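Residue-level structural notes
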Amino acid sequence: MFIAGYIEKPERGKDIILTEKGRISNEKFFPTLEEKRLIDQYWKNKSELRKARKKANSIIDDSTSTKAVEIDENSGDSDWKTELIDQLKKFSPGKFESFSRLLISKMGVRIDNQRGIIRSGDHSIDGFGYFQSDEFRTSRVAIQAKRFTNGSVGEPEIDKFKGVMDSFNAEYGIFITTSYFTDQAKEKAVVGNNSVTLIDGIKLASLVQKYQLHITPVQTFTLNDYYFEKE
């Protein structure tokens, strides 16, 4: 995103353009602590804007309801994603685990209803299933879901998950969180034979959009530059 300096600021009707930083960066180390601070502030501002706009809309009289409410570009896409993360953070642990299994099943993993479904504290997993590749190879997949309202997922959580994966003979794991992962957690995820795919809050919202998981698409249009006079 342009907030972290990886792309140029988006313009109506134009393609997304990578900056030099975006072209040479290694996503393994994204985001840095400073980039995470900027991204968190960006989403916080979006959330506050959405709440303010929602409150303003609720008090607009019918006679003025046709007046345009000023919003920033791309807010239509980011607003619902911000709301999604806010709502996921309000889920009970059990509901968030169920949501995570449902999402992973949409991604092609066949969930085993006999393993990893019953919650048993920090000594188990939140889901278990099987993924068959195009070469008909079937892999065992362990799922961990952490609904964090604040803070990050660090290396200890990944290390603990990998230990549990071994007890389930899982060949790879998927760790889902509403928060984000530290650089140390990202490094730990790819160490050893049983790698872990990390899905943070931003990726989570994108996957919900991709698989249209309990969301309703709304068609809209964006005006091209033709309609805007240059000052």
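In what follows, the structure referred to is the one given above.
Residues numbered from 1 in each chain as written. Predicted model: local features only at pLDDT ≥ 70, side-chain atom pairs only at ≥ 80, totals over all residues. Heavy atoms only, no water.

1. Topic: the packing of aromatic side chains
The test is simple: Note on aromatic pairs: the rings of Phe, Tyr and Trp (six-membered ring only in Trp) are paired at centre separations within 6.5 Å, and the planes decide the class, stacked below 30 degrees, edge-to-face beyond 60, tilted for the rest. Only DSSP runs of H or I with at least four residues qualify as helices, and only runs of E with at least two residues qualify as strands; both kinds are numbered from the N terminus onward. For each residue, the accessible area found with a 1.4 Å probe, counting protein chains only, is set against the maximum for its type, and the residue is called buried under 20%, exposed over 50%, and partly exposed in between. Here, a charge over a ring means that NZ of Lys or CZ of Arg falls within 6 Å of the ring centre while also lying within 35 degrees of the ring normal.
Enumeration over the complete set of coordinates arrives at six aromatic pairs. On the numbers, 5.8 Å between centres and 35° between planes, the contact of phenylalanine 128 with phenylalanine 168 is tilted. Separated by 40 residues along the polypeptide, phenylalanine 128 in strand E2 (residues 127-132) and phenylalanine 168 in the loop between helix H5 (155-167) and strand E4 (172-177) bring together distant segments of the chain. Residue phenylalanine 128 is classed as buried on the basis of its relative accessible area, which comes to 0%. Linked through ring pairs, Phe91, Phe96 and Phe99 together constitute an aromatic cluster. Between lysine 95 and the ring centre of phenylalanine 91, over which it is positioned, the NZ or CZ distance is 4.3 Å.

2. Some thoughts on the sheet that holds strand E5 (residues 196-199)
Going by this rule: Strand pairing follows a simple DSSP-based rule, namely that at least 2 bridges must link the two strands.
The strand order E1-E2-E3-E4-E5 describes an open sheet built from five strands, whose pairing is mixed. Every other strand in the sheet has two partners, leaving strand E1 (110-111) and E5 as the edge strands with one partner each. With two bridges connecting them, E1 and E2 associate as antiparallel partners. The partner of isoleucine 111 across the bridge, within E2, is glycine 129.

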